[in-house]
Amino acid sequence: MNAYQRVMNRVQGKPVDKVPNLNILMAFAARYAGISFDKFCRDYSYLVEANIKCCEDFGIDMLNTMSDPFRETYDFGADIEFPYDSLPLVKEPFIKESLDIKKLKPFLPWESARILDRLRAIELYKKDFKGEYPILGWVEGCFAEAVDLCGMNKIMLDFYDDPSFLTQIMDICLEVEIACAKAQIEVGADFIGIGDAAASLISPKQYLKYVLPYEKKMVESIHNAGAKVKLHICGNITNILDEIWKTGSDIIDIDWMVDWKKACKIITPHACINGNYDPVAIVMKGTPETIKKAVRECLKFDDSQMCSSAGCEIPVDTPLENLRACNEALVEYGNGP
């Protein structure tokens with residue numbers, strides 16, 4: 001069974017030979033391939049090279065197009081810096097006050113710069129690996145993109161000071177994110193990841209009113225276009241576990257600070273759950289033995305509805321043997337304990 005069959009079987013509730021390994025690699029992948037992170041973010045050929053190498057060497061079961069959260073932000077017109085071998089930086093918010101929303105014009109994926117780069121990555125993956133590995137495209141969730149464009153402080157104040165602006169900007173983001181997702185599906189993406197990290201910082205009431213409706217619309221549009229969805233909200237989402245499965249996502253990532261047993265009980269009747277050992281304390285700072293134990297602990301609740309990964313991105317300084325241990329644990333586990 002290859003990686004594509006393994007992940008698709010898992011999402012469809014069919015048997016697999018190994019629980020899929022969906023660890024997220026970005027800065028780690030770049031360093032492992034000997035590529036500076038700024039090149040990894042700006043040139044799809046480097047991103048593809050690094051991810052293929054990591055899939056092959058560490059047993060990762062999905063080809064990834066993630067790099068940083070600012071692709072759409074850049075294409076909207078924001079000023080983004082790309083320091084050498086470091087994360088991109090927003091020099092200043094593109095939308096500083098509500099009246100600035102007139103600057104925010106929807107862009108077309110094929111006429112963009114950084115989303116176009118992601119489309120090229122998917123095309124290159126498809127050329128050599130279609131049907132062998134599932135290809136994961138990526139878009140920002142509408143709330144996360146609003147934060148990227150305006151800054152966290154303004155968006156949090158807008159819940160109370162200017163809620164009409166908040167919905168207006170998220171409506172614009174929704175149009176663009178759906179277009180970006182559909183373009184990625186057209187060129188070969190099997191899954192679209194939705195990253196909505198800022199949603200972990202708001203109340204359940206705010207999530208229900210301002211975020212969940214947009215996530216549901218995105219998921220529905222992606223499904224209608226023929227792909228599946230992997231939803232990733234970094235941080236502690238305990239307070240929205242009862243709601244997040246209502247997005248309709250096929251795979252839902254759970255970060256390490258969420259009670260895994262509780263999350264499994266709520267999520268697995270509705271979707272595959274993915275997670276959730278600590279990427280720093282367990283993976284980067286642990287040993288192969290403690291890592292394998294953590295992987296097995298996650299699988300013991302209901303492995304038929306699970307994929308496996310750390311709660312969030314694998315840190316760049318993780319020892320190679322530690323990352324290998326994540327997949328070794330899954331191979332050793334096989335079809336059951």
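Structure: see above.
This text gives an overview of the structure that appears in the document. For clarity, every value in this text was computed on a predicted model and none was experimentally measured.

Summing up its helical and strand segments, the chain has 15 helices and nine strands in all. Long-range pairs, those at least 24 residues apart, make up 71% of the contacts in the chain with a sequence separation of at least 6. As presented, the chain carries roughly 13,500 Å² of accessible surface, and 51% of it is formed by carbon and sulfur atoms. Placing the 38 positive and 51 negative side-chain charges of the chain at their respective mean positions leaves the two points 3 Å apart.

Computed from the structure, the largest pocket encloses a volume of approximately 450 Å³. What lines the largest pocket is a set of 25 residues, among which Met26, Asp68, Pro69, Glu140 and Cys234 lie closest to the centre. It is helix 7 (residues 142-150) that contributes the most residues to the lining of the largest pocket, three residues altogether. A volume near 200 Å³ is recorded for the second largest pocket. Lining of the second largest pocket is provided by Ala27, Ala30, Arg31, Gly34, Ile35, Ser36, Phe37, Asp85, Ser86, Leu87, Glu313 and Val316. Classifying every residue of the lining of the second largest pocket gives six nonpolar, three polar and three charged.

Next up on the list: the sheet that holds strand 5 (residues 191-195). Sheet strands pair via backbone hydrogen bonds, and the direction of the pair is either parallel or antiparallel. Ordered by their spatial adjacency, seven strands build an open sheet running 1-4-5-6-7-8-9, and the pairing between neighbours is parallel. Each of the sheet's edge strands pairs with one partner strand only, and the pair in question is strand 1 (63-64) and strand 9 (306-310). In terms of strand pairing, strand 6 (residues 228-232) meets strand 7 (residues 251-253) through two bridges, oriented parallel. Paired with Lys230 across the bridge in strand 7 is Ile251. Strands in contact with helix 10 (residues 204-224) are strand 4 (135-140), strand 5 and strand 6; relative to strand 6, the strand with the most contacts, it is inclined by about 150°. Sheet contacts for helix 14 (residues 288-299): strand 8 (272-277) and strand 9; angle to strand 8, the most-contacted strand, approximately 150°.

Scanning the entire structure with this criterion turns up one cavity of 30 Å³ or more. Considered as a void within the structure, the largest cavity measures approximately 120 Å³ in volume. Asn23, Ile24, Ile60, Met62 and Asn64 are, among the 15 residues lining the largest cavity, the residues nearest its centre. Secondary-structure elements contributing two or more residues to the lining of the largest cavity are helix 4 (44-58) and strand 1. With three residues, helix 4 is the largest single contributor of residues to the lining of the largest cavity. Its residues assigned to classes, the lining of the largest cavity comprises 10 nonpolar, four polar and one charged.

Locating Ser112 in the fold gives a position in the loop between strand 3 (89-90) and helix 6 (114-129). For Ser112, a relative accessible area of 13% puts it in the buried group. Apart from the residues within four sequence positions on either side, Ser112 is in contact with Asp75 and Phe107. Within the structure, the side chain of Ser112 is placed 2.6 Å from the backbone oxygen of Pro109, a separation counted as a polar contact. Within polar-contact distance, the side chain of Ser112 engages the backbone nitrogen of Leu116 at 3.0 Å.

Our next topic: the pattern of salt bridges. All chains considered together, the criterion is met by 19 salt bridges. A salt bridge links Arg31 to Asp317; the nearest nitrogen and oxygen atoms lie 2.6 Å apart. With a gap of 286 residues between them, Arg31 in helix 2 (residues 27-32) and Asp317 in the loop between strand 9 and helix 15 (320-333) connect regions that are remote in the sequence. The structure contains a network of salt bridges with shared partners spanning Arg6, Asp17, Lys18 and Asp61.

Let's shift gears to the pairing of strand 4. With respect to burial, strand 4 is a largely interior element, six of its six residues being buried. Residues Ile135, Gly137 and Val139 line one face of strand 4 and the alternating positions Leu136, Trp138 and Glu140 line the opposite face, and both faces are buried. With two bridges joining them, strand 1 and strand 4 adopt parallel strand pairing. Paired with Leu63 across the bridge in strand 4 is Ile135.

Thresholds applied
- Residues numbered from 1 in each chain as written.
- Predicted model: local features only at pLDDT ≥ 70, side-chain atom pairs only at ≥ 80, totals over all residues.
- Heavy atoms only, no water.
- Helix = DSSP H or I, 4+ residues; strand = E, 2+ residues; numbered from the N terminus.
- Contact = heavy atoms within 4.5 Å.
- Areas by Shrake-Rupley, 256 points an atom, 1.4 Å probe, with all protein chains shown as cover.
- Lys, Arg positive; Asp, Glu negative; His and termini not counted.
- Charge placed at Lys NZ, Arg CZ, Asp CG, Glu CD.
- 1 Å grid on protein atoms, 1.4 Å probe; cavity = no way out; pocket = protein on both sides within 12 Å on 5 of 7 lines; lining within 4 Å.
- Points joined across faces, edges and corners; volume = space filled by probe spheres on them.
- Nonpolar A, V, L, I, M, F, W, Y, C, P; charged D, E, K, R; others polar.
- Pairing = 2+ DSSP bridges.
- Axes fitted to C-alpha atoms, helices over the stretch in contact; angles between N-to-C directions.
- Buried < 20%, exposed > 50% of the residue type's maximum accessible area, 1.4 Å probe, protein only.
- Polar contact = N/O pair within 3.5 Å; in protein donor to acceptor, adjacent residues only side chain to side chain.
- Salt bridge = Lys/Arg side-chain N within 4 Å of Asp/Glu carboxyl O.

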